[in-house]
Amino acid sequence: MNNIEILNDICKIQESSAKNYFESKERFFLINISEKIQTDSSIDLNDEEILFLKKIFKKYMKFVV
């Protein structure tokens with residue numbers, strides 16, 4: 001999964017009805033990762049960040065139309 005795909009998926013779930021169900025930690029994590037990637041699109045996310053992103057995507061992608 002590259003950074004552009006990650007950013008697109010974050011945008012999709014943030015713009016869907018999923019945003020009503022985010023836990024605070026998830027909401028802030030997504031905001032921080034988005035800003036991190038937008039600031040430097042060549043940045044490499046660490047393993048913990050990728051695992052948490054995958055968990056969030058799995059949990060909320062069903063809300064994306």
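Everything discussed here concerns the structure shown above.
What comes next concerns the included structure.

Moving on to the environment of Ile43. Here Ile43 lies in the loop between helix H2 (24-39) and helix H3 (47-60). With relative accessibility at 23%, the residue Ile43 sits in the partly exposed group. Spatially, the C-alpha atom of Ile43 lies 7.9 Å from that of Asn3, the residues being 40 residues apart in sequence.

The next point concerns the pattern of salt bridges. Oppositely charged side chains may form a pair once their charged atoms are brought near each other. According to the stated counting rule, one finds 4 salt bridges in the structure shown. Measuring nitrogen to oxygen at the nearest pair gives 4.0 Å for the salt bridge that ties Asp9 to Lys12. You can see Asp9 and its partner Lys12 sitting in helix H1 (residues 3-14), 3 residues apart, about one turn around the helix. What makes Asp9 buried here is its relative accessible area of 13%. The partner of Lys59 in a salt bridge is Glu26, with the nearest N and O atoms 3.1 Å apart. Highlighted residues: Lys59 in helix H3 and Glu26 in helix H2, separated in sequence by 33 residues. Taking the relative accessible area as the measure of exposure, Glu26 reaches 3% and is therefore buried. One connected set of salt bridges, linked through shared partners, spans Glu23, Glu26 and Lys59.

Cut-offs used in this document
- Residues numbered from 1 in each chain as written.
- Predicted model: local features only at pLDDT ≥ 70, side-chain atom pairs only at ≥ 80, totals over all residues.
- Heavy atoms only, no water.
- Helix = DSSP H or I, 4+ residues; strand = E, 2+ residues; numbered from the N terminus.
- Buried < 20%, exposed > 50% of the residue type's maximum accessible area, 1.4 Å probe, protein only.
- Salt bridge = Lys/Arg side-chain N within 4 Å of Asp/Glu carboxyl O.

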